[in-house]
Amino acid sequence: MRPSRIVVGEVRQAESLDLLIALNSGLPGMCTVHANSAREAVTKMCTLPLLAGANVSSSFVVPTVASSLDLVVHVALQADGHRRVQEIVGLPGRVEGDVVEVADIFHRQDGKLRRADGFPPRSERFENAGFNLAELLGDGS
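Residues numbered from 1 in each chain as written. Predicted model: local features only at pLDDT ≥ 70, side-chain atom pairs only at ≥ 80, totals over all residues. Heavy atoms only, no water.

Details of helix α1 (residues 15-24)
Argument step 1. For α1, the complete set of buried residues consists of Ser16, Leu17, Leu19, Leu20, Ala22 and Leu23.
Argument step 2. The secondary structure elements touched by the buried residues of α1 are β1 (6-8), β2 (29-31), α2 (38-47) and α3 (58-68).
Argument step 3. Looking one or two residues past α1, Gly26 carries a phi angle of roughly 100°, positive in sign. (Buried < 20%, exposed > 50% of the residue type's maximum accessible area, 1.4 Å probe, protein only. Helix = DSSP H or I, 4+ residues; strand = E, 2+ residues; numbered from the N terminus. Contact = heavy atoms within 4.5 Å.)

Laid out in structure tokens, this is it:
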């Protein structure tokens, strides 16, 4: 099989290691993870693969998450029952003291999703998929 992408409905446990290995091999994909923020989702993606066994260490998982994930979109359930994007962060691929660096791309402020200072990493991945980041972000970056 040669899938063109992988989509996982929800990552909860050790299966996150399989997803991480697939993403690290260059296979594009996405998944859902329950977390309270985009940063907490990144932390969860760094800890869930450790459930796969004693031979999996954070020294492998943390840099692999940093280099394999491009974006994290945090969606929250609002009081009115609607789900809304709260923030979008990019992962530039850097790790400092076992913490994956994130860059704010969009955040919700005063009820509106607003452009932040960050820029999605590895723009060539988006270009190869046919997306013009400057046009999508609307800021000429």
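A closer look at the environment of Arg84
Argument step 1. Counting through the fold element by element, Arg84 comes out in strand β4 (residues 83-90).
Argument step 2. For Arg84, a relative accessible area of 30% puts it in the partly exposed group.
Argument step 3. Sequence spacing of Arg84 and Lys112 is 28 residues, and the spatial spacing of their C-alpha atoms is 9.9 Å.
Argument step 4. Excluding residues within four positions of it along the chain, Arg84 makes contact with His74, Val75, Ala76, Gln78 and Arg108.

Regarding the pattern of salt bridges
Argument step 1. With the rule as written, the count across this model stands at seven salt bridges.
Argument step 2. Two residues, Glu87 and Arg39, come together in a salt bridge whose shortest N-O distance is 3.5 Å. Of this pair, Glu87 sits in strand β4 while Arg39 sits in helix α2; the two residues are 48 residues apart in sequence, bridging distant segments of the chain.
Argument step 3. On the accessibility criterion, Arg39 (37% relative accessible area) is partly exposed. (Salt bridge = Lys/Arg side-chain N within 4 Å of Asp/Glu carboxyl O.)

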